[in-house]
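Each chain, written out:
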Amino acid sequence: MANTTSAKKAVRVSERRRSVNTRVSNSFKQARKAVTDAISAGDVKTAKSSLPKAYSQIDMAAKKGVIHKNTASRYKSRLSAKVKSAEATA
């Protein structure tokens, strides 16, 4: 356990940041999963409509530093490619 006051505060701050990061991380993962689940179910219309929400959540995670901006870009690119591919086959 932390002994000094500053160490105790650091523990509190890191716990707060961890909870925020977890929330942001979970929200963008859920948004990505909504798109991929819609694609796997064959529902291209739902996948296309949930893509902007996923983009927004991914960008928010990158802005808050939960994921790197290049990682966010890669996620967005791959989601877009999956939706386009599903749209072409449908």
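Quick caveat, the model's predicted, so the values are computed rather than measured. (Residues numbered from 1 in each chain as written. Predicted model: local features only at pLDDT ≥ 70, side-chain atom pairs only at ≥ 80, totals over all residues. Heavy atoms only, no water.)

Caption draft 1: Quick look at the packing of aromatic side chains. Going through the model one piece at a time under the given rule, you end up with 1 aromatic pair. It is Arg32 that lies over the ring of Tyr75; its NZ or CZ is 4.0 Å from the centre. One Lys or Arg, Arg74, reaches over the ring of Tyr75 and ends 5.6 Å from the middle of that ring. (Phe/Tyr/Trp six-rings, centres within 6.5 Å; stacked < 30°, edge-to-face > 60°. Lys NZ or Arg CZ within 6 Å of the ring centre and 35° of its normal.)

Caption draft 2: Expanded view of helix α1 (residues 5-40). Between its first and last C-alpha, α1 extends 52 Å over 36 residues, near the 52 Å set by a 1.5 Å rise per residue. For α1, the elements touching its buried residues are α2 (44-63) and α3 (69-89). A positive phi of about 85° marks Gly42, the residue just after α1. (Helix = DSSP H or I, 4+ residues; strand = E, 2+ residues; numbered from the N terminus. Expected span 1.5 Å × (residues − 1). Contact = heavy atoms within 4.5 Å.)

Caption draft 3: Summary view of the nonpolar core. One finds Val35, Ile58, Ile67 and Leu79 to be the most contacted residues of the largest nonpolar core, which totals 14 residues. Of all the secondary structure elements, the ones that give two or more residues to this core are α1, α2 and α3. Residues in contact with Ile58, not counting those within four places in the same chain, are Phe28, Arg32, Ile67, Ala72, Tyr75, Lys76 and Leu79. (Core = buried A, V, L, I, M, F, W, Y, C linked by side-chain atoms within 4.5 Å. Buried < 20%, exposed > 50% of the residue type's maximum accessible area, 1.4 Å probe, protein only.)

Caption draft 4: How the structure looks around the packing of α1 against α2. Running from amino to carboxyl end, α1 crosses α2 at an angle of 160°, the nearest separation of the two axes being 8 Å. What the angle tells us is that α1 and α2 run roughly antiparallel. Considering how the two elements wind past one another, α1 and α2 form a crossing that is left-handed. Contacts between α1 and α2 involve Val24, Ser27, Phe28, Ala31, Arg32, Ala34, Val35, Ala38 and Ile39 from the first element and Thr46, Ala47, Ser50, Leu51, Lys53, Ala54, Gln57, Ile58 and Ala61 from the second. In terms of residue class, the contact of α1 with α2 is built from 12 nonpolar, 4 polar and 2 charged. (Axes fitted to C-alpha atoms, helices over the stretch in contact; angles between N-to-C directions. Parallel < 35°, antiparallel > 145°, perpendicular 65-115°, else oblique. Left-handed = near helix turned anticlockwise from the far one by under 90°. Nonpolar A, V, L, I, M, F, W, Y, C, P; charged D, E, K, R; others polar.)

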